[in-house]
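Structure assessment
Below, each chain spelled out in residue letters.
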Amino acid sequence: MATPLSAAKTLAALKAEGLTVHEHEGWRTHNRDAATGKKFGPVIGVLIHHTAGHNDRELCFRGRTGLPGPLCHAWLGKTSGLWLLGHGRANHAGAVDLDVLNALRAEKPLPHDDQANADGNDCLYGLEIENLGNGRDPYPDAQYRQAVLWAAALCRAHGWSEKSIAGHKEVQPGKIDPSFDMDDFRAAVRKQLARKPGGAATTPVTTKPGKATKPRVDLSRLVSAAKTDPGARQGHVTYMTGTNLTEAALVKLGYLDKTYAGDGSFGTTTVAAYAKWQRHLGYGGSDADGIPGKISLSRLGERTGLFTVVA
Ligand SMILES: [Zn+2]
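Since this is a predicted model, take the numbers as computed values, not measurements.

1. Comments concerning unusual backbone geometry
Cis geometry marks the peptide bond from G41 to P42; its omega dihedral reads -5°. Inspection of the secondary structure assignment puts P42 in the loop between helix 2 (33-36) and strand 2 (45-50). In the segment running from D177 into P178, the intervening peptide bond is cis, with an omega of -5°. Position of P178 relative to the elements: it lies in the loop between helix 6 (168-171) and helix 7 (182-193).

2. Observations concerning the coordination of the zinc ion
Around the zinc ion, the protein contributes the donor atoms H49 (ND1), H168 (ND1) and D177 (OD), which lie 2.0 to 2.1 Å from the metal centre. When the donors of the zinc ion are listed by position in the chain, the intervening gaps give H-x118-H-x8-D. Of this pair, H49 sits in strand 2 while D177 sits in the loop between helix 6 and helix 7, and the two are 128 residues apart along the sequence. The exposure class of H49 is buried, given its relative accessible area of 1%.

3. Digging into the nonpolar core
Judged by nonpolar contacts, the single largest core of 35 residues is most densely connected at I48, Y125, L127, W150, I165 and F185. Of all elements in the fold, only helix 1 (7-16), strand 2, strand 5 (74-76), strand 6 (82-84), strand 9 (124-129), helix 5 (141-158) and helix 7 reach the threshold of two or more residues within this core. The element contributing the most residues to this core is helix 5, with 9 residues. For F185, the residues in contact, after removing those within four places along its chain, are I48, Y144, A147, V148, A151, I165 and F180. Judged by nonpolar contacts, the second largest core, of 21 residues, contains V217, L219, A249 and Y255.

4. Points about the environment of L104
Relative to the elements of secondary structure, L104 occurs in helix 4 (residues 98-106). Residues in contact with L104, not counting those within four places in the same chain, are I44, L110, L124, K163, S164, I165 and A166.

5. Considering the side chain of D229
With respect to the secondary-structure elements, D229 resides in the loop between helix 8 (219-228) and helix 9 (240-252). Buried and unpaired, D229 has no salt bridge, with R233 as the nearest side chain of opposite charge at 8.7 Å. A polar side-chain atom of D229 sits 2.9 Å from a polar atom in the side chain of H236. If near-sequence neighbours (up to four positions away) are discounted, D229 is found in contact with H236, V237, T238, G264, S265, F266 and G267.

6. Some remarks on the domain arrangement of the chain
How big an interface is tends to be reported as the loss of accessible area on association of its parts. Along its sequence, the chain is organised into domain 1 (7-193) and domain 2 (216-310). Taken together, the contact between domain 1 and domain 2 spans 11 residues of the former and 8 residues of the latter. Between domain 1 and domain 2, a total of about 820 Å² is buried, with carbon and sulfur atoms accounting for 47% of that surface. Taken together, the links from domain 1 to domain 2 amount to 1 salt bridge. For the interface between domain 1 and domain 2, the tally reads 0 residue pairs in polar contact (both at pLDDT 80 or more).

Conventions and cut-offs
- Residues numbered from 1 in each chain as written.
- Predicted model: local features only at pLDDT ≥ 70, side-chain atom pairs only at ≥ 80, totals over all residues.
- Heavy atoms only, no water.
- Helix = DSSP H or I, 4+ residues; strand = E, 2+ residues; numbered from the N terminus.
- Donors = N, O, S within 2.8 Å, 3.2 Å for Na, K, Ca; no water.
- Buried < 20%, exposed > 50% of the residue type's maximum accessible area, 1.4 Å probe, protein only.
- Core = buried A, V, L, I, M, F, W, Y, C linked by side-chain atoms within 4.5 Å.
- Contact = heavy atoms within 4.5 Å.
- Lys, Arg positive; Asp, Glu negative; His and termini not counted.
- Salt bridge = Lys/Arg side-chain N within 4 Å of Asp/Glu carboxyl O.
- Polar contact = N/O pair within 3.5 Å; in protein donor to acceptor, adjacent residues only side chain to side chain.
- Domains from an automatic or database assignment.
- Buried area = accessible area lost by both parts, 1.4 Å probe.

Listed below in structure tokens is the structure:
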């Protein structure tokens, strides 16, 4: 719990972290506090989003019908840099899972988000990253790096670790943003926090053996992707990160052609490839139907070293 940074302190923290900061006209007083009668803060963490669009800086500043701006505190362009759009309450998180908020506050591992029973706009800083979020729109290295620096700057200013960071998809059921792995992102922030802001590493960044956390695939969400995506419109995405990890593993073992992997959709080709893997494990009949089970998925994660399974 912490008092939100003042506008001046926010700016100073971001610059000290090594960021070039663009200031949208009016950002210092642009917020939802007066309109909602709810004050922003105390703050407990930072939230990462993708915008699911392009050229949407002004949209994020103004908002849209039914959802007035600002839609984030900072907007990070694909090539146009980091922009401050708001200061105070912003409409970015919406209704989120209270259990996840409590874990963020305590810097504990995040539980699965299965409720929307708390207001995330009260207590979270929000970054919108310009990206289509379809798994095919790359995040340029420079953009990803700036997102890491933004999160690190706020964590450093508040004395938080990377465990105060979450992705929207981790706090609100049904959200898929951002379309990159949040454990990887937190690991990058952890490295940055071990450095002096803006400078090179002052202490060697070491990872304790066995402490590195692998990405996790949630079995129940993956099963619903495998049951939903094939029958839905082409490219339907139910569970992007889990599907992409599973497909990467199937590609690695030669069960799936690379051209069918990475769009986040668990389509018929992926189901067929997964069934091959099940048959390889000795399953037959309806046990080799291409719908992941706990044992086959755990084995796939172990064999490839790409992920662990949460059931
Ligand atoms: Zn979002």
